[in-house]
Amino acid sequence: MFDEQGSPGMYSNIPLSTDGSEVARKGVEHGLALAKALNAKATVITVTEPLPIDYGSGHASGWIPTKAEIESFDAACKERAGKVLDEVRARAEQIGISVELLHVPNAHPATAIIATAKSRGSDLIVMASHGRRGLRKLLLGSQTSEVLVDGSVPVLVVH
């Protein structure tokens, strides 16, 4: 796995994704342990989705948030993401690994995870089988499925 210089082999840059859920936490634990074992760089990504805006259709009037409502929503997302990432930072420090923490706001999770992995030349994405929206009866959550289907970066799914 390592060459003569002792640098990591196959997996050297591993993004981990989390939405702060219990299942995602397991994925992060696994990813941090793997990154430490492989002496790889770990980037933890949490994505918050945009405020759903209903522009209405036909005769129905939709709901378009005010600037204040959008700012309040964005602030709440930033705060939640900060808490999730702080927890990861603390866990990483406990096991003795440094991580890069990344909050991607107003984005579709699967798209943001894939884009981050590609832009950073990542070689393995680690994510949980499902997050907040995953139903027990579904084997894989929709975001995990989308990242797998993309196929541009190998994915390790943690149950």
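Source: prediction; values computed, not measured.

1. Here's the deal with the nonpolar core
In this structure, I14, L16, L32, A35, I97 and V126 are the most contacted members of the largest nonpolar core, which totals 16 residues. Considering every element that reaches this core, the biggest residue donor is helix α1 (residues 22-38), with four residues. Among all residues touching L32, those that are not within four sequence positions of it are L16, V88, R91, A92, I95, I97 and V99. With 14 residues, the next largest nonpolar core counts V47, I113, I114 and I125 among its residues.

2. Focus on helix α2 (residues 67-95)
In a regular helix each residue adds 1.5 Å, so 29 residues correspond to 42 Å; α2 covers 42 Å between its end C-alpha atoms and thus fits that length. For α2, the complete set of buried residues consists of C77, A81, V84, L85, V88 and A92. In this structure, the buried side of α2 is in contact with α1, β2 (41-47) and β3 (99-104). Directly beyond the C-terminal end of α2, a positive phi value near 80° is found at G96.

3. A word on the side chain of T18
Within the element layout of this structure, T18 appears in the loop between β1 (13-17) and α1. With a relative accessible area of 8%, T18 lands in the buried category. Non-local contacts of T18, meaning those with residues more than four positions away in its chain, are made with A24, V28, V44, I45, T46, V47, V84 and V88.

4. A word on the environment of D74
Inspection of the secondary structure puts D74 in helix α2. Residues D74 and T48 lie 26 residues apart in sequence; the distance between their C-alpha atoms is 8.9 Å.

5. A short note on the environment of I70
With respect to the secondary-structure elements, I70 resides in helix α2. The sequence separation of I70 and L51 amounts to 19 residues, and the corresponding C-alpha distance is 7.2 Å. Excluding its chain neighbours within four sequence positions, the residues that come into contact with I70 are L51 and P65.

6. Comments concerning the pairing of β2
Taking burial as the measure, the seven residues of β2 include six buried ones, the bulk of the element. Alignment of β1 against β2, held across five bridges, turns out to be parallel. Residue N13 lies in a different strand from β2, and its bridge partner there is K41. Handedness of the crossover joining β1 and β2 through α1: right-handed. As judged from the six bridges shared by β2 and β3, these two strands associate in the parallel manner. Bridging from a neighbouring strand, A42 pairs with V99 of β3.

Cut-offs applied
- Residues numbered from 1 in each chain as written.
- Predicted model: local features only at pLDDT ≥ 70, side-chain atom pairs only at ≥ 80, totals over all residues.
- Heavy atoms only, no water.
- Core = buried A, V, L, I, M, F, W, Y, C linked by side-chain atoms within 4.5 Å.
- Buried < 20%, exposed > 50% of the residue type's maximum accessible area, 1.4 Å probe, protein only.
- Helix = DSSP H or I, 4+ residues; strand = E, 2+ residues; numbered from the N terminus.
- Contact = heavy atoms within 4.5 Å.
- Expected span 1.5 Å × (residues − 1).
- Pairing = 2+ DSSP bridges.
- Right-handed = clockwise from strand over helix to strand, strands pointing away.

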